[in-house]
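Chain by chain, the residues run as shown.
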Amino acid sequence: MKPAPYTDRTVEVNGLKLHAQDYGTAGKTPMLCIHGSAANGHWYDFVANGLTDEYHVLSPDLRGHGDSEWDRSDSPRYTYDDYAADIHALTEKLDLRDFILAGHSMGGLVSTVYASTYPGRCKAFIMIDSSLNMSPDRIATMNAVGSREGNSYADQNEFVGRFKIRPAGSSATPDIVGHLARHAGRQFDDGRWRNKADRNVYALRIGRNLIPCWGNIKIPALLMKGDRSQRVTPEIIAQVRALAPQVEVMEVAGCDHHVTLDNPPGFVEVAKKFLNKIK
């Protein structure tokens, strides 16, 4: 699949200007796609073309990510609850109703908090390979990474040439990796090129067991995982289903964590297989 065309949109929510990609097609059922930590909406560029025939697909950059504003207050707020509150405000500003919510990795965690806290607008939820209960060691590693100075590069070509998808293990093609790289960095005031994401996204990351949230999620929901990924374990699936018996589980072949990048057609096929049941 080739990257989908889109229109840039800017929406102010909770005091910050958030950027969103609108892939079209207005008038169809809205589908709001939420990216993972230190990523951006372009993680959905290669699946949007397979969805816009039936859905109006939008992908916002979360606060501190992509082309959205950073929280530059004295105490930056980058918790799951803050992101979820932004999504809630965004859906109100855009008047999104009966929409599909999809979230990958941290975006799936944020979407879990949103779906459990703000019922009424979202009619179905796809959580894409998200770790619902990360270990304290993993959170500590994220905090340490975010607290140190990140890599910087002399120009965009060097940034693109050194860009890697994190976490590692993706089988995305070089074309996909290059496309993401060209949208992942920007030139800062000192003239150096860095990742667009605020490093506080990692430095201030707080761990939280989100499995109990599923007790408040009553809408149709899918736990989607890459067939090579170990993040959505049988134990987590059992715990989620004990609280939300309606939840389905499906795998996308040939994938590790980055399902929308490793196998875009497979992602679209599995997503539509689930969504076609709830029309």
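The following refers to the structure shown.

What counts, and at which threshold
Residues numbered from 1 in each chain as written. Predicted model: local features only at pLDDT ≥ 70, side-chain atom pairs only at ≥ 80, totals over all residues. Heavy atoms only, no water. Pairing = 2+ DSSP bridges. Helix = DSSP H or I, 4+ residues; strand = E, 2+ residues; numbered from the N terminus. Axes fitted to C-alpha atoms, helices over the stretch in contact; angles between N-to-C directions. Contact = heavy atoms within 4.5 Å. Core = buried A, V, L, I, M, F, W, Y, C linked by side-chain atoms within 4.5 Å. Buried < 20%, exposed > 50% of the residue type's maximum accessible area, 1.4 Å probe, protein only. Phe/Tyr/Trp six-rings, centres within 6.5 Å; stacked < 30°, edge-to-face > 60°. Lys NZ or Arg CZ within 6 Å of the ring centre and 35° of its normal.

### Focus: the sheet that holds strand E3 (residues 29-34)
The 8 strands are arranged E1-E2-E4-E3-E5-E6-E9-E10 in an open sheet whose pairing can be described as mixed. Of all strands in the sheet, those bounded by a partner on one side alone are strand E1 (7-13) and strand E10 (248-252). Mean inter-strand twist for the sheet, computed between neighbouring axes without regard to direction, equals 25 degrees. Pairing between E3 and strand E5 (residues 99-104): 4 bridges, direction parallel. When the sheet's bridge partners are listed, isoleucine 34 is paired in E5 with glycine 103. Strands E1, strand E2 (16-24), E3, strand E4 (55-60) and E5 of the sheet are contacted by helix H2 (residues 80-93), whose axis makes an angle of about 115 degrees with E1.

### A look at the nonpolar core
Formed by 49 residues in total, the largest nonpolar core has its most connected members in Leu32, Tyr80, Leu101, Phe125, Leu132, Trp214 and Leu223. The contact partners of leucine 101, leaving out residues within four places of it in the chain, are Leu32, Ile34, Ser111, Tyr114, Cys122, Ala124, Phe125 and Ile126. Counting 41 residues, the second largest nonpolar core, distinct from the first, contains Ala181, Met224, Val252 and Val268.

### What about the packing of aromatic side chains?
Two aromatic rings, taken as a pair, are described by how far apart their centres are and by the angle between their planes. Applying the stated criterion to the full structure yields 8 aromatic pairs. For the ring pair tyrosine 114 and tyrosine 118, a centre distance of 5.5 Å and an interplane angle of 25 degrees mean the geometry is stacked. The exposure class of tyrosine 114 is buried, given its relative accessible area of 0%. Between phenylalanine 159 and phenylalanine 163 the ring centres are 6.1 Å apart and the planes differ by 40 degrees, which places this aromatic pair in the tilted class. For the pair formed by phenylalanine 159 and phenylalanine 163, the shared burial category is buried. Joined through ring pairs, the aromatic side chains of Phe99, Tyr114 and Tyr118 make up one cluster. Lying across the ring of phenylalanine 188, arginine 186 places its NZ or CZ 3.8 Å from the centre. Positioned above the aromatic ring of phenylalanine 188, the side-chain terminus of arginine 194 is 5.4 Å from the ring centre.

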